Amino acid sequence: MDNLSKIPNNAIPGDIANQAKAIAISELSKNREKTNQKLLETYQKLYEDLRPFLFQENEV
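Remember, it's a predicted structure, so these values are computed and weren't measured experimentally.

Calculation criteria
- Residues numbered from 1 in each chain as written.
- Predicted model: local features only at pLDDT ≥ 70, side-chain atom pairs only at ≥ 80, totals over all residues.
- Heavy atoms only, no water.
- Helix = DSSP H or I, 4+ residues; strand = E, 2+ residues; numbered from the N terminus.
- Buried < 20%, exposed > 50% of the residue type's maximum accessible area, 1.4 Å probe, protein only.
- Areas by Shrake-Rupley, 256 points an atom, 1.4 Å probe, with all protein chains shown as cover.
- Patch = residues over 30% accessible without salt bridge, like charges linked within 9 Å, V, L, I, M, F, W, Y side chains within 5 Å.
- Salt bridge = Lys/Arg side-chain N within 4 Å of Asp/Glu carboxyl O.
- Expected span 1.5 Å × (residues − 1).
- Bend = angle between axes of the 7 residues up to and from the residue.

Q: Sorry if this is basic, but what is going on with the overall build of the protein chain here?
A: Per the secondary structure count, the protein chain includes 2 helices and 0 strands. The burial tally for the protein chain puts 3% of its 60 residues in the buried class. When the accessible surface of the protein chain is split by element, carbon and sulfur atoms take 57% of a total near 5,800 Å².

Shown next, in the form of structure tokens:
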């Protein structure tokens, strides 16, 4: 994202840099969201696997 912000915003007819920049930002955002969703799924599975050990009743 930092490198994309360094691309100048020239409003010159025929310049497609801004369009390419917008597409790149869109793809980055989509991929980041997919990664976050996968991380949440992994954390949820980990929690479900550990839950019996974390919240076990004291058996006496």
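Q: Is there a simple way to think about a nonpolar patch on the surface in this case?
A: Together, L39, L40, Y43, L46, Y47, L50, F53, L54 and F55 make up a nonpolar patch on the protein surface, roughly 990 Å² of accessible area in all. Note that L46 resides in helix α2 (residues 17–54). Judged by relative accessible area, which is 46%, L46 ranks as partly exposed.

Q: What exactly am I supposed to notice about α2 here?
A: The α-helix advances 3.6 residues per turn, and as a result positions three or four apart in sequence lie on the same side. Under the 1.5 Å per step criterion, the end-to-end length of α2 is 53 Å for 38 residues, consistent within 8% with the ideal 56 Å. Along its length, α2 shows its largest kink, about 30 degrees, at E48, and proline P52 lies within four residues downstream of that point.

Q: Just to check I follow, could you spell out the pattern of salt bridges for this structure?
A: Should the charged atoms of two oppositely charged side chains come close, the side chains can pair. Here the structure, examined in full by the defined rule, presents 3 salt bridges. Taking the shortest distance from any N to any O, the salt bridge between E27 and K30 comes out at 3.8 Å. Pair noted here: E27 and K30 are both in helix α2, with a separation of 3 residues, about one helical turn. The exposure class assigned to K30 is partly exposed, which follows from its relative accessible area of 47%. Across the pair K38 and E41 runs a salt bridge, and its minimum N-O distance is 3.8 Å. Separated by 3 residues within a single helix, K38 and E41 lie in helix α2, roughly one turn from each other.

Honestly, that's just the spatial picture; any functional story needs more than this.
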